[in-house]
Amino acid sequence: MKNLKKATKVDFATYLGVTVSFVIMYILQTGGHLSSSIAGQLVPICCFIVMAVSLNLVVGISGELSLGHAGFMSVGAFGGIIAAQSLAGAVPFAPLRLTIAIVVGALCAVIIGFVVGVPVLRLRGDYLAIVTLAFGQIIKDLINCLLVGYDSHGLHIMFNISGLKSINDLHLEETGKAIIKGAQGAVGITKISSFPAGFILVMLALVIVLNLIRSRSGRAIMAIRDNRIAAESVGLNITKYKLMAFVLSAAMAGAAGALYGLNYGSLVASRFDFNTSILVLVYVVLGGLGNIWGSIIATVVLYMLPEALRQFSNYRMLVYAIVLILVMLATNNDQLKALLRRIIPTRKEADAQ
Amino acid sequence: MLKVNDINVYYGAIHAIKGVSFEVNDGEIVTLIGANGAGKSTILNTVSGLLRSKTGSIEFLDKPLGTVPAHKIVERGIAHVPEGRRVFLQMTVEENLEMGAYTRPNAGVAAHLERVYEQFPRLKERRRQIAGTLSGGEQQMLAMGRGLMSDPKLLMLDEPSMGLAPILVEQIFEIIASLHKAGTTILLVEQNARMALSVADRAYVLETGKIAISGTGKELAASDEIRKAYLGG
């Protein structure tokens, strides 16, 4: 281990930590030792870890503020639900159907990521934040207009712009199934998400992001964040690398969305609203910008926290906010930082030794 | 090597460069001098593709650069060291230099790194140090070294003396002279006219977007007009 770089060691520790936590939780879950509220949170936590890790790629590594990450999750969720529900007959094996749904969800998010990213990433400044903020709202309203059903003739998709149509206007056959019923959202979803699938997705996201950061392209992305003009002067194609980070991040959010959507019996588009985007951003910021394992820990702790605070009933969100502020104060405290550095040497000091 | 012919550059409605033409020959140091806002940096940014000229042409090694995007121009052999020591503050010195070789195949990079370290021994001492902790002069050396890492045929330096103590300015110009001796062609933009003219083969004086005077470095340094306007009498 000694001749390995410090960064590589941190990466391996991250993989190891995630794997060990998964194995422990999985044994507890299959043994029936988990309360139903905790067991029910396992898959969403995996989804939100993937969300935080992927958002960290844009906000921490690429240095662009994106406020619509939940929008990509939404696109992936409904794309994945349509794929999984309509393939229920053709692909009876649930794990395979889930895999297809996740791939479809990721692809849908990639397409939308390009549409949003290509024009916006050419601009400098806060435009990405503004546009992604709007995108998150628009996508929610668009999905509220969506009517999708499936019968032996295949998929029926209708866009209910006037607001007057209902699922009956799709004229499905007797045996047909409604998949998305406009503002009622997706209904009658067969739950096929599982904790092991969530773990695999988290590991996949980690392998992609950690390897990207250590790669040639990752170095370019961070160079652009550090100094755009210098990056341009050494011959980096700024738009290409920003787009690479943004679209890759969208793809992972889409995959996480598909897994999330297929974990519930029904799902409405307003689940993925501005608050959800901000929630993920909070995970990323509190975990540390550019710090991948920090994102994971922040997600797990902050996702569990509202549940753990149930005893405070009405004051729950108040306590949640106070905890957030305390964490921020504590992590910015110089003495505490010095203590942490003694336990975990930073890169600069490790290099100096 | 570089032929700039009648370029006009605008910032919105502002006509910043008004029909400038000049050329840089193989092996020369050519300097553009002039006051603040004369358009010196704008010309460099136009050559390196960050800005576009509305008219005229820019040719490098007999090939037009007109519509080539900035990141491709580096591959053609022009390195631009931008104004104000723009180094990657969070990377180490060596990582900064490696970034300079981004457009090149990996094979020759290690040998080239050693060559840059020979020219800038100070950078070798600090190779593992984070660039943000370097002094101003060292950051300028790092920016120049990074420019050299792409093995350019033409090195464009934008105000390398800016904000440096006189002794460091002298050091930087010694390095420029030694790069020239080693055969690098240099296009130098400077406000420090005295130092720039002392190393330059030829010089162009810019005034409000136009070339006012041109000549060899010695001629201009001896000219009364230049002495009064730029060299303090």
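Read on for an overview of the structure. Note that this is a predicted model, so its numbers are computed, not measured. (Residues numbered from 1 in each chain as written. Chains lettered and ligands numbered in written order. Predicted model: local features only at pLDDT ≥ 70, side-chain atom pairs only at ≥ 80, totals over all residues. Heavy atoms only, no water.)

With that out of the way, let us pick up the overall build of chain A. Helices and strands together make up the secondary structure of chain A, namely 14 helices and three strands. Rg of the C-alpha trace for chain A: 21 Å, near the compact-globule value of 20 Å for 353 residues, within the 12% margin. In terms of principal-axis extent, the alpha carbons of chain A reach across some 75 × 55 × 40 Å. Each of the 353 residues in chain A was classed as buried or not, and the buried ones make up 48%. In chain A, which carries 27 positive and 15 negative side-chain charges, the distance between the mean positions of the two groups comes to 9 Å. (Helix = DSSP H or I, 4+ residues; strand = E, 2+ residues; numbered from the N terminus. Rg over C-alpha atoms; globule rule 2.2 N^0.38 Å. Buried < 20%, exposed > 50% of the residue type's maximum accessible area, 1.4 Å probe, protein only. Lys, Arg positive; Asp, Glu negative; His and termini not counted. Charge placed at Lys NZ, Arg CZ, Asp CG, Glu CD.)

Moving on, we get to the overall build of chain B. Looking only at helices and strands, one finds ten helices and ten strands in chain B. The globule rule puts the C-alpha radius of gyration for 233 residues at 17 Å, and the 17 Å found for chain B is close to it. For chain B, long-range pairs separated by at least 24 residues make up 66% of all intrachain contacts whose partners lie at least 6 apart in sequence. Roughly 10,100 Å² of accessible area belongs to chain B as shown, and the carbon and sulfur atoms make up 49% of that amount. Each charge class in chain B was averaged separately, 26 positive and 26 negative side chains, and the resulting centres sit 3 Å apart. (Contact = heavy atoms within 4.5 Å. Areas by Shrake-Rupley, 256 points an atom, 1.4 Å probe, with all protein chains shown as cover.)

Each side of the interface is counted separately: chain A has 21 residues, and chain B has 22 residues. Taking both sides of the interface into account, the surface hidden between chain A and chain B amounts to around 2,000 Å²; carbon and sulfur atoms contribute 58%. The largest contributions to the chain A side of the interface with chain B come from Arg216(A), Arg219(A) and Val234(A), which together make up 28% of the buried area. Our count for the chain A to chain B interface comes out at one salt bridge. Close ionic contact of Arg219(A) with Glu95(B) constitutes a salt bridge, the shortest N to O distance being 3.5 Å. Connecting chain A to chain B are five residue pairs in polar contact (both at pLDDT 80 or more). Of all elements in the fold, only helix H7 (216-226), helix H8 (228-233) and helix H14 (347-352) of chain A reach the threshold of two or more residues within the side of chain A that touches chain B. Split by residue class, the side of chain A that touches chain B holds nine nonpolar, five polar and seven charged. (Buried area = accessible area lost by both parts, 1.4 Å probe. Salt bridge = Lys/Arg side-chain N within 4 Å of Asp/Glu carboxyl O. Polar contact = N/O pair within 3.5 Å; in protein donor to acceptor, adjacent residues only side chain to side chain. Nonpolar A, V, L, I, M, F, W, Y, C, P; charged D, E, K, R; others polar.)

For Arg85(B), which is not glycine, the phi dihedral falls at a positive 50 degrees. Turning to its location among the elements, Arg85(B) is positioned in the loop between strand E6 (78-81) and helix H3 (93-100).

Moving on, we get to a nonpolar patch on the surface. On the surface, Phe312(A), Tyr315(A), Leu318(A), Ile322(A), Ile325(A), Leu326(A), Met328(A) and Leu329(A) cluster together to form a nonpolar patch covering roughly 820 Å² of accessible area. Checked against the element boundaries, Ile325(A) lands in helix H12 (residues 316-331). (Patch = residues over 30% accessible without salt bridge, like charges linked within 9 Å, V, L, I, M, F, W, Y side chains within 5 Å.)

So, about the sheet that holds strand E4 (residues 57-60) of chain B. Sheet strands pair via backbone hydrogen bonds, and the direction of the pair is either parallel or antiparallel. Residue and element names in this part refer to chain B. Spatial strand order, E2-E1-E4-E5: four strands in an open sheet with antiparallel pairing. Only two strands of the sheet have a single neighbouring strand rather than two, namely strand E2 (14-24) and strand E5 (63-64). Where strand E1 (residues 2-11) and E4 come together, four bridges link them in antiparallel fashion. Among the inter-strand pairings, Lys3 is bridged to a residue of E4, identified as Glu59. Across the sheet, helix H1 (residues 40-47) lies against E1, E2 and E4, angled at about 110 degrees from E1, the strand it touches most. (Pairing = 2+ DSSP bridges. Axes fitted to C-alpha atoms, helices over the stretch in contact; angles between N-to-C directions.)

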